[in-house]
Amino acid sequence: MDKQELVRGLSAAVGAENVFADEQTICESSKDYIGFRIFERADGKSFAPRAACVVRPHTVEEVSRTLRFLNENRVDVTPRTGGSSVTQSIEPVEGGVILDGSAMSGILEINETNMTVTARCGTPLEYLENALNERGFTTGHFPQSLPMAHVGGLVATRSTGQFSTLYGGIEELVVGLEAVLPDGTVVRVKNVPRRSCGPDLRQLFIGSEGALAFVTEATLKLFRYRPDERWMRAYAVADMRRGLEFIRAVMADGYKPAVVRLHDAAEVMMVLGMSEAVPEGQALLLFLCEGPRAIAEATGDAVAEYARKFDAADLGGKPVEAWFRTRNDVCRTLDNGLYHEMGVIADTCEISANWDEIGNIYDAVVARLTGEVEEMAYAGGHASHCYAQGTNIYFTFAFMEEKGAQAAEADYMRVVAIILEETLRRGGSVAHHHGSGRYRTRFMPEEHGSSYELMYRLKDALDPNGIMNKGVLLVERK
Ligand SMILES: Cc1cc2nc3c(=O)[nH]c(=O)nc-3n(C[C@H](O)[C@H](O)[C@H](O)COP(=O)(O)OP(=O)(O)OC[C@H]3O[C@@H](n4cnc5c(N)ncnc54)[C@H](O)[C@@H]3O)c2cc1C
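How each quantity is defined
- Residues numbered from 1 in each chain as written.
- Predicted model: local features only at pLDDT ≥ 70, side-chain atom pairs only at ≥ 80, totals over all residues.
- Buried ≥ 20, exposed ≤ 12 C-beta atoms within 10 Å, placed from the backbone.
- Helix = DSSP H or I, 4+ residues; strand = E, 2+ residues; numbered from the N terminus.
- Pairing = 2+ DSSP bridges.
- Domains from an automatic or database assignment.
- Contact = placed C-beta atoms within 7 Å.
- Nonpolar A, V, L, I, M, F, W, Y, C, P; charged D, E, K, R; others polar.
- Axes fitted to C-alpha atoms, helices over the stretch in contact; angles between N-to-C directions.
- Expected span 1.5 Å × (residues − 1).
- Arc of directions from axis to C-beta.

Let us look at the pairing of strand 3 (residues 77-80). The side-chain alternation of strand 3 yields two buried faces, one formed by Val77 and Pro79 and the other by Thr78 and Arg80. The pairing of strand 3 with strand 4 (residues 97-100) spans four bridges and is classified as parallel. Opposite threonine 78, over in strand 4, you have isoleucine 98 as the bridge partner.

Domains assigned within the protein chain are domain 1 (105-224) and domain 2 (227-327). Taking only C-alpha atoms into account, the centre of domain 1 sits 29 Å from that of domain 2. Facing five residues of domain 1, the contacting portion of domain 2 comprises six residues. Partitioned by chemical class, the residues of the side of domain 1 that touches domain 2 number two nonpolar, three polar and no charged.

Sheet architecture is open: four strands sit in the order 1-2-4-3, paired in mixed fashion. Two strands bound the open sheet, and with one partner strand each, they are strand 1 (19-20) and strand 3. The strands touched by helix 1 (residues 3-14) within the sheet are strand 1 and strand 2 (53-55), with strand 2 carrying the most contacts at an inclination of about 10°.

Further remarks concern helix 1. The end-to-end C-alpha distance of helix 1, which contains twelve residues, comes to 16 Å, matching closely the 16 Å that a straight helix rising 1.5 Å per residue would cover. Every buried residue belonging to helix 1 is among Leu6, Leu10, Ala13 and Val14, and all of these are buried. Projection of helix 1 onto a plane perpendicular to its axis shows the buried side chains occupying an angular sector of 70°, all on one side. Exposed side chains of helix 1 directed beyond 90 degrees from the buried face belong to Gln4, Glu5 and Ala12. Turning to helix 1, the residues buried within the fold contact strand 1, strand 2 and helix 4 (60-72).

If you want it as structure tokens, here you go:
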């Protein structure tokens with residue numbers, strides 16, 4: 001189907017006012033924030049594929065009609081809502097269609113009795129959170145991309161937030177949802193606290209990255225908003241290993257601080273700019289406890305006790321307050337061209353593993369990044385989402401790119417491959433919360449092992465024509 005025919009067909013299905021075929025809308029709608037794309041854009045280049053057009057539906061019926069038309073005509077479709085992807089997950093297939101849910105915005109219900117909120121897929125998280133805060137509630141979900149991400153994308157990526165150690169990831173926060181399958185069928189998984197009626201169908205869509213269905217609505221848990229009852233304290237520990245042991249003890253003993261962050265010495269200096277507050281070469285631990293005052297205080301008291309046990313120096317609350325104030329600022333400067341001016345590609349890459357391997361992964365990755373990659377200007381990392389079983393490491397890195405934008409993707413993948421290879425070698429997961437997107441797809445067979453076949457069977461069952469977000473999660477079969 002050529003572009004004109006496609007635009008005509010979509011206009012007939014959902015109204016011409018919802019179909020956009022201009023260059024600017026197409027480029028803006030497929031803009032991804034993976035490090036090498038940011039570098040390419042600052043260099044005035046674009047190597048990302050081009051969609052034929054963008055559809056912005058306003059209702060679930062319009063989503064259904066759009067997908068039915070695209071499915072019948074075997075046209076590739078890439079869903080998106082907030083557009084804060086950092087994994088090439090919203091880059092379209094050449095000549096395909098971008099299905100943009102950002103116009104489907106709005107809170108449908110705040111149910112104070114059941115402690116739930118229902119919002120449409122295009123509802124910006126920041127708007128949702130502010131509206132809830134005014135009524136004394138919170139979602140407890142604070143990804144750093146809070147000013148950018150929307151409800152649909154948060155669900156579809158299996159996202160997690162800075163307070164996840166207490167509230168959990170989005171997979172624990174979604175109590176029900178509505179989605180549209182590629183053939184236009186609308187399905188709803190109802191809102192109940194728990195049930196035992198077969199596998200949990202919510203989880204089919206949470207983390208499906210637009211490859212199985214389009215999420216139109218989600219019902220999330222609510223928590224009481226208690227910003228004045230927070231306990232904050234920072235500690236310096238000898239190194240990352242010692243810090244990881246400290247966190248393991250807190251989590252294994254059953255305490256649930258809301259925020260637990262362990263930054264290595266490189267990040268203390270280069271990312272947080274706190275080298276004056278932390279003894280040279282040491283790692284920094286940040287804790288924030290919240291909830292009913294008695295629980296927050298008891299959790300804080302326990303953390304202080306572990307600090308004594310692990311010889312951690314008490315740095316007071318100020319470093320936590322400073323992190324808290326500036327924690328999402330990066331969202332405003334992503335495309336300011338600063339790294340490009342410095343000639344570097346900078347980015348992050350998050351993995352997870354059990355306690356018995358996470359320290360080994362951290363050591364091996366940092367040793368290889370600094371030892372093997374000549375152009376490496378900086379490599380560090382932090383743990384920020386903690387469980388009784390293990391934690392994540394969010395590696396941060398910057399390397400000199402002297403060959404220009406043409407080489408950016410290949411050089412970037414060489415660096416990232418080191419992180420993902422070392423993680424897989426030790427049984428960890430290659431993606432703690434950003435998702436597979438396209439850049440991690442080639443690591444998915446090893447990530448999933450023998451269960452990877454299930455992913456294809458799910459894909460064949462829900463999307464037999466393979467139109468949904470081709471290239472994410474699934475390696476294309478020959
Ligand atoms: C500065 C920055 C900080 C970040 N920090 C975090 C963080 O702390 N935690 C975290 O988890 N992530 C983080 N991210 C990544 C990103 O914000 C998350 O993945 C977020 O969940 C994406 O939401 P979105 O609405 O922007 O989705 P998009 O970017 O629009 O889409 C992301 C993926 O979801 C799919 N999708 C989107 N909408 C739908 C829909 N309605 N139905 C089906 N599929 C859909 C897309 O196809 C794509 O695969 C960060 C990103 C940036 C740029």
